[in-house]
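Overview (structure and organization)
This is what each chain is made of:
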Amino acid sequence: MQAFLTSLLGFFSKLASLVTFNGMFVLGIILSIPMSIIFIGEIFNYQFVLHAPFFVKVERRWNVKAVAVVAMTAALSVILQAVGAVIVLVPGTITFRADALIRFPFGAIFGMPAVWGVMISNIIGDALAGTLGPGSIAGFIISWWMAYLFYRFYKSSEEYSMLKANAWGKYYLTTILWCFLGAFYLCTNFQLLNLLPTEVVWTAVFPAVIVTTFIGGLLGPIVARVIGPAAKRYGLSRDEMQYEKG
Amino acid sequence: MSSIRTSFYEGNESFLSRIDPRIKLLYILWVFAMIMVFTDPVFQSFTMASLLLASIAGGLSLGKVVNAGKLGIYVGLTSWVIWTIFLRNEGVPLFHVFGWSVTDYGVLKGLSVALRITSVLFAFLIVAMTTPTRDIITGLYGLRVSMVFSMVIGIILRLIPQFQSEHSTIMEAQRSRATEFDKGGLITRFRKHTAYIIPLTLRALKIVSDLSIAMESRAYDPYTPRTFVRELKMKRSDKVILISMAVFLVFSILLRIFGFGVLQLGLLGSGQ
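A quick note: this is a predicted structure, and the numbers were derived from the prediction, not measured.

Rules of the game
Residues numbered from 1 in each chain as written. Chains lettered and ligands numbered in written order. Predicted model: local features only at pLDDT ≥ 70, side-chain atom pairs only at ≥ 80, totals over all residues. Heavy atoms only, no water. Helix = DSSP H or I, 4+ residues; strand = E, 2+ residues; numbered from the N terminus. Rg over C-alpha atoms; globule rule 2.2 N^0.38 Å. Buried < 20%, exposed > 50% of the residue type's maximum accessible area, 1.4 Å probe, protein only. Contact = heavy atoms within 4.5 Å. Lys, Arg positive; Asp, Glu negative; His and termini not counted. Charge placed at Lys NZ, Arg CZ, Asp CG, Glu CD. Domains from an automatic or database assignment. Buried area = accessible area lost by both parts, 1.4 Å probe. Salt bridge = Lys/Arg side-chain N within 4 Å of Asp/Glu carboxyl O. Polar contact = N/O pair within 3.5 Å; in protein donor to acceptor, adjacent residues only side chain to side chain. Phe/Tyr/Trp six-rings, centres within 6.5 Å; stacked < 30°, edge-to-face > 60°. Lys NZ or Arg CZ within 6 Å of the ring centre and 35° of its normal. Pairing = 2+ DSSP bridges. Nonpolar A, V, L, I, M, F, W, Y, C, P; charged D, E, K, R; others polar. Patch = residues over 30% accessible without salt bridge, like charges linked within 9 Å, V, L, I, M, F, W, Y side chains within 5 Å. Areas by Shrake-Rupley, 256 points an atom, 1.4 Å probe, with all protein chains shown as cover. Axes fitted to C-alpha atoms, helices over the stretch in contact; angles between N-to-C directions. Parallel < 35°, antiparallel > 145°, perpendicular 65-115°, else oblique. Left-handed = near helix turned anticlockwise from the far one by under 90°.

**Some words on the overall build of chain B**
Helix and strand counts for chain B stand at 9 helices and 2 strands. In sequence order, the secondary structure elements of chain B are arranged as α-α-α-α-β-β-α-α-α-α-α. Computed over its C-alpha atoms, the radius of gyration of chain B comes to 24 Å, more than 25% above the 19 Å expected for a compact globule of 272 residues. With the C-alpha coordinates aligned to their principal axes, the bounding extent of chain B is approximately 70 × 60 × 30 Å. When burial is assessed residue by residue, chain B has 46% of its 272 residues classed as buried. Excluding contacts between residues fewer than 6 apart, the proportion of contacts in chain B whose partners are at least 24 apart in sequence is 76%. Side-chain charges of chain B comprise 28 positive and 16 negative groups, with the mean position of each set lying 1 Å from the other.

**Points about the domain arrangement of chain B**
Residues and elements named next belong to chain B. Examined at the domain level, chain B breaks down into domain 1 (13-131 + 234-272) and domain 2 (134-233). Averaged C-alpha coordinates put domain 1 and domain 2 at centres separated by 34 Å. Taking both sides of the interface into account, the surface hidden between domain 1 and domain 2 amounts to around 810 Å²; carbon and sulfur atoms contribute 75%. Of all residues in domain 1, P21, R22 and L25 give up the largest surface area on contact with domain 2, accounting jointly for 59% of the area buried on that side. There are 0 salt bridges connecting domain 1 and domain 2. Counting the contacts that link domain 1 with domain 2 gives 1 residue pair in polar contact (both at pLDDT 80 or more). If one sorts the elements of the side of domain 1 that touches domain 2 by residue count, helix α1 (residues 21-37) sits on top with 4 residues.

**Remarks on the packing of aromatic side chains**
Within this structure, the stated rule accounts for 28 aromatic pairs over all chains. Summarising the aromatic geometry, the rings of F46(B) and F248(B) are spaced 5.0 Å apart at their centres and angled 45° between planes, so their arrangement reads as tilted. Of this pair, F46(B) sits in helix α2 (residues 41-57) while F248(B) sits in helix α9 (residues 236-257), and the two are 202 residues apart along the sequence. An aromatic cluster of at least three residues, connected via ring pairs, comprises F39(A), W116(A), F140(A), W144(A), W145(A), Y148(A) and Y151(A). Here K170(A) stacks its cationic end above the ring of Y154(A), 5.0 Å away from the centre of that ring.

**Things to note about the pairing of strand β2 (residues 100-103) of chain B**
Residue and element names in this part refer to chain B. Bridge count between strand β1 (residues 93-97) and β2: 4 bridges; the pairing is antiparallel. In the strand pairing of β2, V97 is matched with W100. The turn linking β1 back onto β2 is made up of 2 residues, and F98 within it adopts a positive phi angle of 50°.

**Observations regarding the environment of R61(A)**
One can find R61(A) in the loop between β2 (55-57) and α3 (64-84). Between the alpha carbons of R61(A) and E159(A) there is a distance of 24 Å; along the sequence they are 98 residues apart. Contacts of R61(A), omitting those with residues within four sequence positions, involve Q242(A), Y243(A), K245(A), D221(B) and Y223(B).

**A short note on the interface of chain A and chain B**
Facing the 60 residues of chain A at the interface are 59 residues of chain B. Summed over both partners, the interface of chain A with chain B buries about 5200 Å², with 85% contributed by carbon and sulfur atoms. Broken down residue by residue, the surface that chain A buries against chain B is led by V64(A), I79(A) and L128(A), which jointly contribute 12%. Taken together, the connections running from chain A to chain B amount to 0 salt bridges. The interface formed by chain A and chain B holds 5 residue pairs in polar contact (both at pLDDT 80 or more) in total. Secondary structure elements with two or more residues in the side of chain A that touches chain B: α1 (2-19), α3, α4 (100-110), α5 (112-129), α9 (198-217) and α10 (220-233) of chain A. Along the lines of polarity and charge, the residues of the side of chain A that touches chain B split into 50 nonpolar, 6 polar and 4 charged.

**Some details on a nonpolar patch on the surface**
Taken together, the side chains of V250(B), I253(B), L254(B), I257(B), F258(B) and F260(B) make up a nonpolar region of the molecular surface, amounting to roughly 620 Å² of accessible area. Relative to the assigned elements, F260(B) resides in the segment after α9.

**Description of the packing of α1(B) against α2(B)**
All names here are of chain B. The N-to-C vectors of α1 and α2 enclose an angle of 155°; their axes lie 9 Å apart at closest approach. On the basis of the axis angle, α1 is roughly antiparallel to α2. Viewed along their axes, α1 and α2 form a crossing whose handedness is left-handed. Across from Y27, W30, V31, M34 and I35 in α1, the residues of α2 making contact are Q44, F46, T47, M48, S50, L51 and A54. Of the residues belonging to the contact of α1 with α2, the class tally is 9 nonpolar, 3 polar and no charged.

**Let's talk about the environment of T203(A)**
Residues and elements named next belong to chain A. Looking at where T203 falls in the secondary structure, it is placed in helix α9. Given the relative accessible area of 27%, T203 is considered partly exposed. With 186 residues separating them in the primary sequence, T203 and S17 have C-alpha atoms 7.3 Å apart. T203 has contacts with S13, S17 and F21, leaving out every residue within four places of it along the chain. At a separation of 2.4 Å, a polar atom in the side chain of T203 contacts the main-chain carbonyl oxygen of E199.

Printed below as a string of structure tokens:
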């Protein structure tokens, strides 16, 4: 398993070298701009759609349940971040990200409150762990995207409870999509802020983000299979919460 | 799992602890802006000096501040070393280690990045060590940060210890059922982790469901303005600090526009 993970890291590292670091950076910029625009749009309740006018106003209203779900998601995520950090998969490169197990499915189950919760957990996690820095800004935006993709791609309770077979396939495809988007966004920002040399950013950080997060999220559908119906019973799922109209 | 620290507050009575929490929160943003404006460590050292001054004004022991931020220092130092290695062929060689040159450009570039990485962290730590969590939340509200966000931060900091204790109980229960989390191959160990993640999440759902009922029964409405036991009021010293920060920031941006504060070659070496 360790050898497989190391070869996977090597593969993504070679891929980055093949595209060239400049090419990767340009690709990262091309992806980062719409990702940032969509993020800012959601802050003001404007949601991106694939047809004109491309951004539509969504009616949302905070209520007690939504506030509680934001806090729960963030607190759980911070705790699992600390738990996962002790399990080293490849020394110095990959640790088990237990928080990915809830970050991915929570976006689908609890909707936007969980998306904001995941983002806040990143800031609080960095602050409490003593790693808050300029890189944390990109970190919290990609964390937001982690749950946001699932919020957008999953709609019905059968889907987010993983009762349908295709929901599992969709889960892994969405996770892979995030792994690339997140890795590109983070590395582009690292290069922009000059936090690490370009070679290190694209040959070490880029593959590590992809592999670490994908491995961490592997068992997410099992978590969703149990938590989805339970959330519905407690009246905390995205349909029951009534945070979003329509 | 080692316990997660949810408050850094030291409880010392000092000049900094009496400063309005809004000013202290703005100070973190100021440090971020100031450290990003310059790339020359000489200019960045002004911001670092302000951090030293702030920790003295907060009556904080430097050892404690450094200890709280040791992980950040480790990240900063690693970045410094990596930059020094990667820029070994640029700039004036200062000395050689194992046949590799250590150049002035590598050292200064690495130092500049390390200062960027650590400064915001130390600004946060100094503020957190001199401000109770309650005041930080009041400060956020005073800065017109969304009421929901300020409220959520408060709830999270209370939920973390509660979830941590639930986590420990679940882990003990699973161990008593002979679950060995650190035995087996990687995939087996992965799978075993769902044995505490799922029960923990289910407990969290119950806790949060009870919490929302309690908040609802107290007629909590996120859109109604809150009242606070301690009303924030800026003193003359707060205003002086705020104006000084604004003046220094504008001055720094102007300096940078006129070409000062940019990292140059030959600063440490024999001159290029």
